[in-house]
Structures are given as structure tokens and as C-alpha cells.
Amino acid sequence: MRIAVIGAGGVGGYFGGLLARAASGDTPALPGGRVGLLARGRHLEAIRRQGLHVESVHGDFTVRAVASDRGRELAAELGVTPAEGADLVLVAVKAYSLPDAMDEMEPLVGASTAILPLMNGVDHLDALGQRFGRDRVLGGLCHIESAIAAAGRIRQRSRRRDITFGELDGRETDRVRRIAATFAAAGIPHRVSDDIVRDMWMKLIFISAMGGMTAAAQRPLGEVLGNPAGRETYERMVREAIAVARAAGVRIPADAFEQVMETSLGMDPQMTSSLQRDLAAGRPVEIDALCGAVVRYGRRHGVDTPCQQAVMALVQLRAAGAA
Ligand SMILES: NC(=O)c1ccc[n+]([C@@H]2O[C@H](COP(=O)([O-])OP(=O)(O)OC[C@H]3O[C@@H](n4cnc5c(N)ncnc54)[C@H](OP(=O)(O)O)[C@@H]3O)[C@@H](O)[C@H]2O)c1
């Protein structure tokens, strides 16, 4: 299987690193597998110079992999023709990087390509479908805490590091089975979902409230939920996002609110979100793909989302001030 990883950062560097490791060595777990990483800047230079180093609570490793900032170059190195394309393109960029990243994906996507995004949010399914054809696109998400610690180095810190994915219509197709077998060979915990759109929305319902509130308040989750007004706003955001998902025709479980609140209250009170950390560090933020998506879908389906809207505005204004 020829695999291109679009964005070898926290998510793509970790899972791409595991895939590249499985495809390398004298007796590879993925015989005939080839893995290429799209990266850029100093991170790319370091990967080319000394390989990709992964420091993980599940075991450290260093792997040599084909890497480039040009999709055309990756395609050539992987031996991929434009007509055929790579077998699997994993998309792991931040939402605001997707338009440029799709330009680089162009030479890697052909007749035999499955595109599997691992990003938070749901809008990217439409963006990828419009650009490359909806039948090429699978749904996916991951549970992991991982980031670029330094150029060429990924630090993965969470107990969970798993991928959930599936066809958008829920069928268990040959390509889903092939991808699952590839993940299994690479030691990537995974689950095939029969309703990945619901699963992606469930994650969005949680992360729009969790990421949005911790970022807007610049306080850890425990403090947000420990403050009566913070807790009420958080709960309203969850209810708004559930109402939007239902109005959009997503089969959200009857106890979705209880599930999301149980998850939220069960987390480490010191937990912070990457949205919060990105905002504090003056980096671009993914708020438009999180609260922004809930607000947009709400407008489309006639559902009011005042708390999601207010939190989005606060984060956007803070981000604009930090820029
Ligand atoms: N990290 C986590 O623990 C985690 C967990 C669950 C879900 N997610 C989701 O997964 C997605 C990816 O997040 P992440 O944390 O992995 O992001 P990240 O660490 O910023 O990684 C993305 C990488 O892609 C690179 N990139 C973007 N566009 C590129 C291009 N055109 N050419 C070459 N390289 C390009 C970025 O380079 P630059 O830095 O130069 O832009 C960056 O190195 C997001 O939607 C996030 O919400 C993340």
C-alpha cells in the first residue's frame, strides 16, 4: 500500500511514523508498503537529515521516511502516477491549512485513492469531496494527544492514540478492510464505524464546547466546569451543538448530552485544549472549524446557537489581538 500523509505534525507525524516504521526494515510488517510525509520548513529539513523521531508513552522510535513539501515530489518518490494515485492519503493538517494542502494532494489522488481525514470538525468532508469527489472520501477521527516538540520530533503523551474511521454511508467496503489491516500491521489501535458522520459530530459537540470554553477563558477544563456560569455556558454549547446535529439529520444518540457531560466531567481538571494553547502562543486557531461549524450548520438548519456564537467571537477577537 502506498500511503501519503498530508501534514506530518502531532497527528500525522505519530500515525505516519508508525506506518513508515511498519513499512521499513528487513522483515517489514507492511511488505511492499511505502509511506511519504508532507511536511515543511525546519521540521521537513530535520526529517530529511535525521529521520522522524517519535517520543511516545507507547515507545520511542526513529524512522527514515520519504518527505517533501511538494505533493508532486512525494508522488514521484512513492512511484504513484497521477491517474492511479496513492492507495491511501491521510489528511492531518489544521483546518485553516486545508486549502493549500489540497493543492499538494492533487498529484497524489487518482482512481485508486481513498482519502481519510483525521481532523477535528466536519466541514472538511465537503471541501475534500468537492475537490476530489465524494466517493474517494472516508470519514475519520482520532483520540490522541500529540504535538511537534521540536523540528523532526513528535511528542505523544496520551494513553489513547486510536483512529475511528469508515465509509460515509457506513458500508464495510474492501478498502475499509484493507486500511484496517494496514493499521493493524502498523500497531495502530483502530475501530471501523458504521456511522462515522455521527461519531465525527459527537466529537465536534464535545470539542467545540471544551476547546471553545477553555480557549475563551484561558483556564483549564476543571476551572471552567467548576464555575457556575462557566458550567452553564458549557452545557448550553453542548445542547446547541446537539440540536444542530439533529437538525442536520445526524443520528445523534438520545443520551448524547449525558455522554458528553460525563466525558467532560471525567477528564483531568488540569486538562487544557490545543485551541487554548495555540491562542495563548499567538498561533493561528481552528475555532472556525469547531464553534464556527456549529454556528454555520445552525444557520443552515434554522437552529439558534448563541453560546457557540459568543465563544467563537471571543476567541476570534483574542486571536486577532494576538496576531
Ligand atoms: N494534536 C492532537 O493531539 C490532536 C488530537 C485530535 C485531533 N487533532 C486534529 O488533527 C488535526 C491536525 O492537528 P495537529 O495537532 O496534528 O496539527 P499540527 O501539529 O499543526 O500538524 C500539521 C502539520 O501539517 C503541516 N502542514 C500544513 N499544511 C502544509 C502544507 N501545505 N505543506 C506541508 N506541510 C503542511 C503543518 O506545518 P506548519 O506548522 O508549517 O503549518 C504542521 O506541521 C487538527 O484538525 C486537530 O484538531 C489533533
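Keep in mind it's a predicted model, so treat the numbers as computed, not measured.

Definitions and limits used
Residues numbered from 1 in each chain as written. Predicted model: local features only at pLDDT ≥ 70, side-chain atom pairs only at ≥ 80, totals over all residues. Heavy atoms only, no water. Core = buried A, V, L, I, M, F, W, Y, C linked by side-chain atoms within 4.5 Å. Buried < 20%, exposed > 50% of the residue type's maximum accessible area, 1.4 Å probe, protein only. Helix = DSSP H or I, 4+ residues; strand = E, 2+ residues; numbered from the N terminus. Domains from an automatic or database assignment. Contact = heavy atoms within 4.5 Å. Near = heavy atom within 4 Å. Polar contact = N/O pair within 3.5 Å; in protein donor to acceptor, adjacent residues only side chain to side chain. Areas by Shrake-Rupley, 256 points an atom, 1.4 Å probe, with all protein chains shown as cover. Buried area = accessible area lost by both parts, 1.4 Å probe.

**Student:** Account for the nonpolar core, with residues named and values stated.
**Tutor:** Where a protein is soluble and globular, its nonpolar side chains tend to be buried together. Ranked by internal contacts, the top residues of the largest apolar core, which has 72 residues, are Met105 and Tyr234. With 13 residues, the single largest contributor to this core is helix H7 (residues 196-217). Summarising the domain contributions, this core has at least three residues from each of domain 1 (2-194) and domain 2 (198-322). Excluding anything up to four places from it in sequence, Tyr234 contacts Phe206, Ala209, Met210, Met213, Leu221, Val224, Leu225, Met261 and Ser264.

**Student:** Account for the site of the ligand, with residues named and values stated.
**Tutor:** By nearness alone, 22 residues border the ligand, and Val11, Arg40, Asn120, Ser146 and Glu286 come closest of all. In the environment of the ligand, an oxygen atom lies 2.8 Å from a nitrogen or oxygen atom belonging to the backbone of Val11. Contacts to the ligand include Ser146, whose backbone N or O atom sits 2.8 Å from a nitrogen atom. Taking 880 Å² as the accessible area of the ligand by itself, protein coverage stands at 82%. Put simply, the parts of the chain that give the shell around the ligand at least two residues each are helix H1 (10-22) and strand E9 (146-150).

**Student:** How would you summarise the domain arrangement of the protein if you had to cite specific residues and measurements?
**Tutor:** Its domain assignment divides the protein into domain 1 (2-194) and domain 2 (198-322). Taking the mean C-alpha position of each, domain 1 and domain 2 sit 26 Å from one another. Taken together, the contact between domain 1 and domain 2 spans 20 residues of the former and 17 residues of the latter. At the boundary of domain 1 with domain 2, total buried surface from both sides reaches about 1,500 Å², with 53% on carbon and sulfur atoms. The largest share of the area that domain 1 buries against domain 2 comes from Asn120, Val122 and Asp123, three residues that together contribute 36% of it. Taken together, the elements giving at least two residues each to the side of domain 1 that touches domain 2 come down to helix H5 (123-132) and strand E8 (138-143). Ranked by residues supplied to the side of domain 1 that touches domain 2, first place goes to E8 with five residues.

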